[in-house]
Amino acid sequence: MAETPPMAAKQLRLGAFMRPISIHTGAWRYPGAWPDANFNLNAYVRLIRKLEEGRFDAFFMADHMAVLNMPVEALKRSHTVTSFEPLTLLSALAMVTERIGLIATASTTYNDPYHIARKFASLDHISNGRAGWNLVTTANPDAALNFGQDAHMAHGERYKRAREFYDVVTGLWDSFADDAFVRDVPSGLFFDPAKMHVLGHKGEELSVRGPLNIARPVQGWPVIVQAGASEAGRQIAAETAEAVFGASSSIEEARAFYADVKGRMDRLGRNRDHLKILPGCFVVVGDSLEEARAKRARLDSLVHYANAIASLSMALGVDASKFDPDGPLPEIPETEASKSGRERAIRLARRENLTVRQLAQRLGGFAGLAMVGTPAMIADEMQEWLETEACDGFNVMFPYLPQGLEEFVDRVVPELQRRGIFRRDYEGTTLRENLGLPRPGNRFFEG
């Protein structure tokens, strides 16, 4: 029997990015794929159990606060037009899993802090300590129209609100000491009022009295996950995040991002190991490089041009359908949409000298980091990224479901384990334990 290789000092972390099921526009049309997977609870149960079998750190459920802002000709072909509300879904999935983390996106622009604090504290208790909050400011300007606003909040204002929002939510999670609930039946004392803190927050953006009407989460706080490569996004991540959903498309770009964000942590006095940088990675597995490339090509061929140009418009924050499809990308003005998404699209067009049509087709499928090849080739790339400080792991995006996910778990995960860079079993019962993150102390009741 072959010996189990020793575990490497640095371990790969793996999240499964479900947006809400696959980021690729053509995923639902791929042969053998589940066309209704976005709104099929039984499908989600099968997928998350498979991911837990593969010892994934987390199931990452992204969210949209509005139907995607694209023309109906494109929208009618999009499998993301309908999906579950993330916290409702993850609460159900908590009942059919034991170890895998459960991360949900929730917007700081179109929610109130008390709502977010209650929901994620509840999910953390329901799952016995496996909840994570993907803190986002929301890029889709159409979301404003669903929440009684005429216009999307400006980018800078969104991040200003998000920073204060974080302080309020984490303060609410600390409303009770860990041992506040004594439940002393003989005396009739349910909780010790000396161990309850009233937040009394009054800031520039928010006013919240508190306390939260839920016991402190199992993990102290659910794990805080963020995304965004803008200056504001990098700074708030360095200050507050415990995991970052990165979007680097090359290893050089990823190393620069990694060094920048971790360097900001050093200057702030934060331990750089207390933040895991996990770029999104689209993975297509084949028996050979040629077979994997053929799968990717077939998948990309299923993207209609209406969807492609709509994806480009969303990335840029402007209507790209007015551009000359066979001309170069024109100068793009600043908008209140995602700045990092806009910059990535522009860089890609300039770097590869793409026409508007070519850029749209690329974005209509997936234009970010992709690893396409055999299990060994994919493991080689992941290992290089890990060992050269380009990342701490990946948020894996699957090309189609269920096959793409099952191929990764059954074929790539064993190769990573053989190299000693990925776990064979979970380290603990909570998401924090499995990510190697400390449990935060209570700011009001230390010790």
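See the structure above.
Here the structure is a predicted model, which is why all the values come from computation and not from measurement.

Outline the pattern of salt bridges, supporting the account with residue identities and numerical values.
Taken as a whole, this structure holds 34 salt bridges when the rule is applied. With its nearest N and O atoms 3.4 Å apart, the salt bridge here joins D178 to R216. Taken together, the residues span a long stretch of sequence, with D178 in the loop between α5 (155-173) and β5 (201-202) and R216 in the loop between β6 (207-208) and β7 (223-227) at a distance of 38 residues. Residue R216 is classed as buried on the basis of its relative accessible area, which comes to 5%. Residues K295 and E407 are paired through a salt bridge, measuring 3.0 Å at the closest nitrogen-oxygen approach. Linking K295 in helix α8 (residues 289-301) with E407 in helix α13 (residues 403-418), this pair joins segments that are 112 residues apart in sequence. The exposure class of K295 is buried, given its relative accessible area of 15%. One connected set of salt bridges, linked through shared partners, spans D174, D178, R216, R439 and R443.

For α5, give the residues involved together with the corresponding values.
Here α5 spans 27 Å end to end across 19 residues, near enough to the 27 Å set by a 1.5 Å rise per residue. Along α5, 14 of the 19 residues are buried, which leaves the element largely enclosed by surrounding structure.

Would you mind going over the environment of R130 in detail, with residue names and values included?
Within the secondary structure, R130 sits in the loop between α4 (113-126) and β4 (131-136). Remark: the alpha-carbon pair of R130 and I103, spanning 27 residues in sequence, is separated by 8.2 Å. For R130, the residues in contact, after removing those within four places along its chain, are E52, A94, T97, E98, R99, I100, G101, L102, D124, Q219, T429 and L431.

An account of the packing of helix α12 (residues 375-387) against α13 is requested, with residue identities and associated values reported.
Where α12 meets α13, the closest approach of the two axes is 9 Å, and the angle between their N-to-C directions is 55 degrees. The angle between α12 and α13 places the two elements in the oblique class. Once α12 is placed against α13, the crossing between them reads as right-handed. Residues P375, A376, I378, A379 and M382 of α12 touch α13, and the partners they reach there are F408, R411, V412, E415 and L416. When the residues that make up the contact of α12 with α13 are grouped by side-chain class, the tally is 8 nonpolar, no polar and 2 charged.

Tell me about the packing of aromatic side chains, and name the residues and values.
Evaluation of the coordinates by the stated rule reveals 21 aromatic pairs. Aromatic side chains F398 and F408 sit 6.1 Å apart centroid to centroid with 70 degrees between the ring planes, which places their arrangement in the edge-to-face category. With F398 in the loop between β11 (393-397) and α13 and F408 in helix α13, the pair connects residues that are 10 residues apart, well separated along the chain. Assigned by exposure class, F398 and F408 land together as buried. Members of the aromatic cluster, each reached through a chain of ring pairs, are F39, Y44, F59 and F84. It is R357 that lies over the ring of Y305; its NZ or CZ is 5.4 Å from the centre.

Conventions we followed
Residues numbered from 1 in each chain as written. Predicted model: local features only at pLDDT ≥ 70, side-chain atom pairs only at ≥ 80, totals over all residues. Heavy atoms only, no water. Salt bridge = Lys/Arg side-chain N within 4 Å of Asp/Glu carboxyl O. Helix = DSSP H or I, 4+ residues; strand = E, 2+ residues; numbered from the N terminus. Buried < 20%, exposed > 50% of the residue type's maximum accessible area, 1.4 Å probe, protein only. Expected span 1.5 Å × (residues − 1). Contact = heavy atoms within 4.5 Å. Axes fitted to C-alpha atoms, helices over the stretch in contact; angles between N-to-C directions. Parallel < 35°, antiparallel > 145°, perpendicular 65-115°, else oblique. Left-handed = near helix turned anticlockwise from the far one by under 90°. Nonpolar A, V, L, I, M, F, W, Y, C, P; charged D, E, K, R; others polar. Phe/Tyr/Trp six-rings, centres within 6.5 Å; stacked < 30°, edge-to-face > 60°. Lys NZ or Arg CZ within 6 Å of the ring centre and 35° of its normal.

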